[in-house]
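Read off the chains here:
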Amino acid sequence: MSAGASSLTASVLGERPCYEERARSNFPADEIQRSMRLARDILIHLQTDEDSEIRLIVAKAWLKIGDNNRARPILETLKNDEKASVKLDVAKQFLKIGDKDSNASAIYVLKDLWSNRIYDAGAVLAEHFLKNGGISKAYTLLVRTLQKNKYEGDIEVRGRVADACGKIANLIKKIEESNKPIEWNYISYLSSREVGLYSKTPCISREVGYHRKKPYKKRDVIKKLSFLKSINHEVINKVAQPILKFLQKDEEFYVREHVATAIGTIGDSKLARPILEALQMDESFYVREHVAIALGKIGDSELARPILEALKNDEHHFVRYEVLEACEKIGDSELARPILDDLKNDEALSVKCKVLEVCGKIGDSELARPILDGLKNDQDPYIRLTVAEAYGAIGDSDLARPILEALKNEDDSAIRVSVAEAYAKIGDITWAYTKLDDLKNNWCERSRVAEICGTIGDSKLARPILEALKNDEDANVKLSVAKAFLKIGDRGEALNIFQGLKNDNAYIRTKIANAFLEFNLFDSVNK
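Residues numbered from 1 in each chain as written. Predicted model: local features only at pLDDT ≥ 70, side-chain atom pairs only at ≥ 80, totals over all residues. Heavy atoms only, no water.

Enquirer: Go over the packing of aromatic side chains, please, and point to the residues and values.
Expert: Scanning all chains against the criterion turns up 3 aromatic pairs. Between the aromatic rings of Phe253 and Tyr286, the centroid separation amounts to 5.4 Å while the plane-to-plane angle is 15 degrees, which identifies the pairing as stacked. Placement of Phe253 in helix α16 (residues 253-266) and of Tyr286 in helix α18 (residues 285-298) is noted, with a sequence separation of 33 residues between them. Seen from the ring of Trp62, Arg70 lies directly overhead, with NZ or CZ sitting 4.8 Å from the centre. Its guanidinium or amino end placed over the ring of Tyr108, Lys79 lies 4.8 Å from that ring's centre, counting from NZ or CZ. (Phe/Tyr/Trp six-rings, centres within 6.5 Å; stacked < 30°, edge-to-face > 60°. Helix = DSSP H or I, 4+ residues; strand = E, 2+ residues; numbered from the N terminus. Lys NZ or Arg CZ within 6 Å of the ring centre and 35° of its normal.)

Enquirer: Lay out the environment of Tyr108 with the relevant residues and their values.
Expert: Along the chain, Tyr108 falls in helix α7 (residues 100-115). Sequence separation between Tyr108 and Lys79 is 29 residues, and the spatial gap between their C-alpha atoms is 8.4 Å. Apart from the residues within four sequence positions on either side, Tyr108 is in contact with Lys79 and Asn80. Among the polar contacts made by the side chain of Tyr108, one reaches the side chain of Asn80 at a distance of 3.0 Å. (Contact = heavy atoms within 4.5 Å. Polar contact = N/O pair within 3.5 Å; in protein donor to acceptor, adjacent residues only side chain to side chain.)

Enquirer: Quick one: what's the story with the pattern of salt bridges, residue by residue and with numbers?
Expert: By the definition in use, this model includes 30 salt bridges. Arg509 is the salt-bridge partner of Asp49, the closest N and O atoms lying 2.5 Å from each other. Here Arg509 lies in helix α32 (residues 506-518) and Asp49 lies in the loop between α3 (29-46) and α4 (52-64), a separation of 460 residues in the sequence. With relative accessibility at 9%, the residue Asp49 sits in the buried group. By relative accessible area, Arg509 is classed as buried at 9%. We note a salt bridge from Glu50 to Arg509, for which the minimum N-O separation is 3.9 Å. Remark: Arg509 occurs in helix α32 and Glu50 occurs in the loop between α3 and α4; sequence separation between them is 459 residues. Residue classification places Glu50 among the exposed residues on the basis of a relative accessible area of 73%. Taken together, the shared-partner salt bridges in this structure form one network comprising Glu325, Glu328, Lys354, Glu357 and Lys361. (Salt bridge = Lys/Arg side-chain N within 4 Å of Asp/Glu carboxyl O. Buried < 20%, exposed > 50% of the residue type's maximum accessible area, 1.4 Å probe, protein only.)

Enquirer: Before we move on, can you summarise the environment of Lys511 with the specific residues and values?
Expert: Looking at the element boundaries, Lys511 is found in helix α32. Lys511 sits in the partly exposed class, given a relative accessible area of 28%. In this structure, the C-alpha to C-alpha distance between Lys511 and Ile57, residues 454 residues apart in sequence, is 9.8 Å.

Here you go:
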């Protein structure tokens, strides 16, 4: 990214305190205590909801804050739910708790699902074995699941088996990306969650010093845990590789699509190359699309270049779009340059817009400017809007403003809302909020205005707009306002809105429950 783009981002968005910091400041102690009680009351109210999926979300919320005693009774009541998807998720939550009674409850649910020919249960249990070092058990169970499924012909189960193979994360990468000293209990947590070994097994105890009280520094942790790389490769070689190679030839495109997804999740270039090279020529564009997505996740330019070059001319615009998305994620200008140049005049509007987004996201002005200059007078207003946003992203705000000025009176309200947001991104925040205040013609537009107020995050400017919208007649608008209040740090206002909506329809109640997972409301609940 250019220096201009970096300074622009820092000046407009980067200097604002994060949500957690804003939520803990500028509020009197009694107001904070009141919001804590209100958050707890809302969650307790929802845990007896008539909708089992909402109760499940609440159980997850209790688990996230470590309150297993509140979560377990909810999960117990859901063990025999009529929805197989709920029961499957309940089993996963029991396995997350991980004690003897919870594991027994999980096995009960999974056996019940298996007996009713819900063979997804086998893949869930195999994932559990993988996380706890049972490589041979996991492999046996996945193969058995495939054999059962071949008899029953359920393609979703074969897709689920592929997903299970994909959930092999790289512990060392996570440690290398961390900037903090890592304590032994954090190491234990990562090793049990990501590599698949209990923290108290001899190898972990011996190698990382289970009883060590002084935190290891990052370089020491990497050195101590280097032996875990071989464990990760063992899982890949013994479990994932043979099963994914088998499934890549499945007769159903849905399964092959999940194979590509799993390859991206694993992130191993050596494993990925032969499978993705074969799947790039798949007859289904859904599979080819997921090949491009996988390459973006893996992030290996050398692996991606020949495959993306072939897919950029795909007949389906979804595939071409994901080729550009992969270029954006990989972030290699040399890889992106010929692909962007070939697709800049694509017949699909979504692809042309994505070309411009990638120009802005990669931040290479030498690469971006010729493409932006060529499209800034395009007849389509969405293209011109995206050009302006990309100019702003590479630090050329002076080139963005004339385009936005010409677009601000467009008939399409969606464009006018986006113009206001774009002005904020290039630093004209006051003008953007003034314009937002005028864009409230229908409930969808009002909801979007609230969302943008939260995204921009300027509390002083946003509050008058949010105050005017918080009593809106439409519950969806009020929900968006509540989330915006959370993003600008006003938890009390958000919880007041949630309190008024907690008996609304199931969709709204689900969104409220999910807010406890999406936002950091858990310290409120715990008090």
